[in-house]
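Now for the letters of each chain:
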Amino acid sequence: MTRDAKPARAAGGGEDGAGTPVGRRVVLGMLAAGAAGVATAPFLQRAYDSTLGAAAQKDPTGLSGLLPGGGGFRYYSVTGSVPEKDAHSYRLTIDGLVRHRTSYRLADLRGLPQTRLVRDVQCVTGWRVPGTPFEGVRLSALLDAAGVRPEARAVRFTCFDGAYSESLTLEQARRDDVLVALRMQDKPLAHAHGGPVRLYVAPMYFYKSAKWLSGITVTDRVEPGYWEDRGYDVDAWVGRSNGRDDAPTT
């Protein structure tokens, strides 16, 4: 999902790289084996990023990515590998029901006003990481710049892993706590955490925060995302969906 390495990492769903999808049952089954990783000390996160995180990107099965990472986060991808993007190769496209189709480079996004949010991150599988800073451009600002057409009702997100997708209603997408994030924990977003750019939807379960974001398409209806097609709730408010009663993250 986006189940992220931070709460289930949502693997993005984009145009550039494809892999073999990993099913929800496999993800949930592997989570049981990694429960002890939630409280790992910060220094182990660095070791994870340089070893297990890198190995997960090259694992054709995708299963190494289900092991616990550091800092309370776990790495998840729905494909066996994800291509890497940098400042030269990264592009974010905004299209669909807009007046101005736009393509942003990483430098373009960094040059826009940035918003910093510090919220708990909650995974639908139960683990939680408190007080996690995210920083980036408000999604509402990008939508306003593109000129959303009157018939628009929703926004669809795709990712450059070639498989993941997510959606929000237009009202949800315009919330002040929804970011196109460039930084996490006061550092540039690492590839293993969905970098260089990911979606961050603060009040919803982390699978809504699609990693490896490459496309934002304004649509006339909500199109269920990768994990919604596999049984998760489309409106994924923390504590008010998916049969869970977790404390809200906002």
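Residues numbered from 1 in each chain as written. Predicted model: local features only at pLDDT ≥ 70, side-chain atom pairs only at ≥ 80, totals over all residues. Heavy atoms only, no water.

With that settled, consider the nonpolar core. Counting residues in each nonpolar core, the largest one holds 45 residues, and the members touching the most others are L92, L139, L143 and I216. The leading source of residues in this core is helix 5 (residues 139-146), at four residues. Formed by 15 residues, the second largest nonpolar core is a distinct cluster that contains Y76, F134, A181 and L189. (Core = buried A, V, L, I, M, F, W, Y, C linked by side-chain atoms within 4.5 Å. Buried < 20%, exposed > 50% of the residue type's maximum accessible area, 1.4 Å probe, protein only. Helix = DSSP H or I, 4+ residues; strand = E, 2+ residues; numbered from the N terminus.)

Time to look at helix 5. Looking only at helix 5, the buried set comprises L139, S140, L142, L143 and A146. The arc that holds every buried residue of helix 5, seen down its axis, measures 160 degrees, which confines them to one face. Positive backbone phi, approximately 75 degrees, marks G147, located one or two places after helix 5. (Arc of directions from axis to C-beta.)

The amide bond that connects G195 to the next residue, P196, takes the cis arrangement and shows omega of 15 degrees. In this fold, P196 is placed in the loop between strand 10 (187-188) and strand 11 (198-201). We note that D186 has phi near 60 degrees; this positive angle belongs to a residue other than glycine. Within the secondary structure, D186 is located in the loop between strand 9 (178-184) and strand 10. Judged by relative accessible area, which is 41%, D186 ranks as partly exposed.

This next bit is on the sheet that holds strand 12 (residues 213-219). Sheet architecture is open: five strands sit in the order 4-3-12-7-8, paired in mixed fashion. Since the sheet does not close on itself, it has two edges, and those belong to strand 4 (102-104) and strand 8 (165-169), each with one partner. Geometrically, the sheet is characterised by an average inter-axis angle of 15 degrees between neighbouring strands, direction not taken into account. (Pairing = 2+ DSSP bridges. Axes fitted to C-alpha atoms, helices over the stretch in contact; angles between N-to-C directions.)

What follows concerns the pattern of salt bridges. One pass over the full model with this rule turns up 11 salt bridges. Between D108 and R105 there is a salt bridge; the shortest N-O distance is 3.1 Å. Measuring nitrogen to oxygen at the nearest pair gives 3.7 Å for the salt bridge that ties R156 to E223. Of this pair, R156 sits in strand 7 (residues 154-159) while E223 sits in the segment after strand 12, and the two are 67 residues apart along the sequence. Residue classification places E223 among the partly exposed positions, given a relative accessible area of 25%. Overlapping salt bridges, with partners in common, bring together E166, K208 and E228 in one network. (Salt bridge = Lys/Arg side-chain N within 4 Å of Asp/Glu carboxyl O.)

Among the secondary structure elements, D176 is positioned in the loop between helix 6 (170-173) and strand 9. Sequence separation between D176 and L117 is 59 residues, and the spatial gap between their C-alpha atoms is 9.7 Å.

Residue placement: K208 occurs in the loop between strand 11 and strand 12. A distance of 2.9 Å separates the side chain of K208 from the backbone oxygen of S167, its partner in a polar contact. (Polar contact = N/O pair within 3.5 Å; in protein donor to acceptor, adjacent residues only side chain to side chain.)

A few words on the confidence of the model for the chain. Overall, the prediction assigns the chain a mean pLDDT of 80, with 70% of residues at 70 or greater. Taken together, the stretch residues 1-23 has pLDDT below 50 and engages in 152 contacts with residues farther than four places along the chain or on a different chain. Scored below 50 in pLDDT, residues 25-68 makes 75 contacts in the model with residues more than four places away or belonging to other chains. (pLDDT = per-residue confidence, 0-100. Contact = heavy atoms within 4.5 Å.)

Under the criterion given, the structure shown has seven aromatic pairs. Here the aromatic rings of Y90 and F160 are separated by 6.3 Å at their centres, their planes lie at 70 degrees, and the arrangement is edge-to-face. One end of the pair, Y90, is in the loop between helix 3 (52-58) and strand 3 (92-96); the other, F160, is in the loop between strand 7 and strand 8, with 70 residues separating them in the sequence. Members of the aromatic cluster, connected to one another through ring pairs, are Y164, Y207, Y226, W227 and Y232. (Phe/Tyr/Trp six-rings, centres within 6.5 Å; stacked < 30°, edge-to-face > 60°.)

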